[in-house]
Amino acid sequence: MKSNSLKTDRLQRRLTALLMAACALVPTAAAAFSAMVSPPRFELQGAPGSVIRESVEIQNASDLPATFKLRTADWDLTDTGGVTIHPPELQPGSCRPWARIERRSLRLRPQATKRFRFELHVPAGATPGECRLALLLEPDEADSVMARARNIRFPVTGRIAIIIYIAVGDAAPLLELKALELREVNARLTPVAVLHNTGNAHGRPEGFLEGRDASGRRLDFSVSPSPIMPGQTRAIPVWEAVAEGEERHVLQPPLKVKGAIEWRGGRHAVDSVLE
């Protein structure tokens, strides 16, 4: 009987240990930051003295109720395409004072969607140029996720930045093709267009190029529509266009390409050989 009792006691201890280990890896029941927004970006046009009214759909994709905080923020784009969100203080030349948002806090039921409204009041004396700001969607502190690993608890935060551009007056990009060359991108030889923006609004290059490399293969390429800020020079990848499920070819220089790179209000013809 004593032997059976010891076996039962050991089994109970093992089961308890397994249950404790499993519980230690499970997040707490706090509402996760699981939001979706549409659209994620606005590219607007406004005349001095005008009021622009827009709305964004915000969805709580969680199975639990959630409260979100909303505020505006200044931001910049790095030369590599990363977005830098600045602290809450107004940055020099900020146009965040133009913004009026519907509310600062939003409570949503599980899987619920809300249309959130905002306005942009362009000053009557605004000079032609581009206003840029972001609408930030963040979890409320009371709903922040507390992850747990064994006996250590730590917060898990998230944030969605809805990017807003406003072209005031006749603001427009003016892109200049500085170079078209082959570079290593993600460990793969890729055509890259080096573009400089001398305009007073951001530009998004687009376009299709036809190519043929040393193997004689006919290749199709599309220009990545990445933004280029006024005064900025960026190297924009020109990706090979392949069918879903297929891999890009290993390019064999020289590569002959022909076509055009276009942007709002401009176009640059391409007929080059890339070594």
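Located above this text is the structure these notes cover.
Let me sum up the structure you'll find in this document. What you see is a predicted model; the values in this text were computed from it and never measured. (Residues numbered from 1 in each chain as written. Predicted model: local features only at pLDDT ≥ 70, side-chain atom pairs only at ≥ 80, totals over all residues. Heavy atoms only, no water.)

Attention now goes to the state of the cysteines. According to the stated counting rule, one finds 1 disulfide in the structure shown. Here Cys95 engages in a disulfide with Cys131; their sulfurs sit 1.9 Å apart. Disulfide Cys95-Cys131: torsion about the S-S bond near 75°, hence right-handed. Taken as a pair, Cys95 in the loop between β6 (83-85) and β7 (99-101) and Cys131 in strand β10 (residues 129-139) lie far apart in primary sequence, 36 residues in all. Grouping residues by exposure puts Cys95 and Cys131 together as buried. (Disulfide = S-S within 2.5 Å. Helix = DSSP H or I, 4+ residues; strand = E, 2+ residues; numbered from the N terminus. Buried < 20%, exposed > 50% of the residue type's maximum accessible area, 1.4 Å probe, protein only.)

Inspection of the entire model under this criterion finds 2 aromatic pairs. Centre to centre, the rings of Trp75 and Tyr165 are 5.6 Å apart; their planes meet at 90°, and the pair counts as edge-to-face. Taken together, the positions of Trp75 in strand β5 (residues 75-77) and Tyr165 in strand β13 (residues 160-168) put the pair 90 residues apart, joining distant regions of the chain. Overall, the relative accessible area of 3% leaves Tyr165 in the buried class. (Phe/Tyr/Trp six-rings, centres within 6.5 Å; stacked < 30°, edge-to-face > 60°.)

We now examine the sheet that holds β7. Within the open sheet, the 4 strands sit side by side as β1-β3-β9-β7. Their pairing is antiparallel. Each end of this open sheet is capped by a strand with a single partner; those strands are β1 (35-38) and β7. Strand-to-strand twist across the sheet, computed as the mean angle between neighbouring axes with direction ignored, equals 25°. (Pairing = 2+ DSSP bridges. Axes fitted to C-alpha atoms, helices over the stretch in contact; angles between N-to-C directions.)

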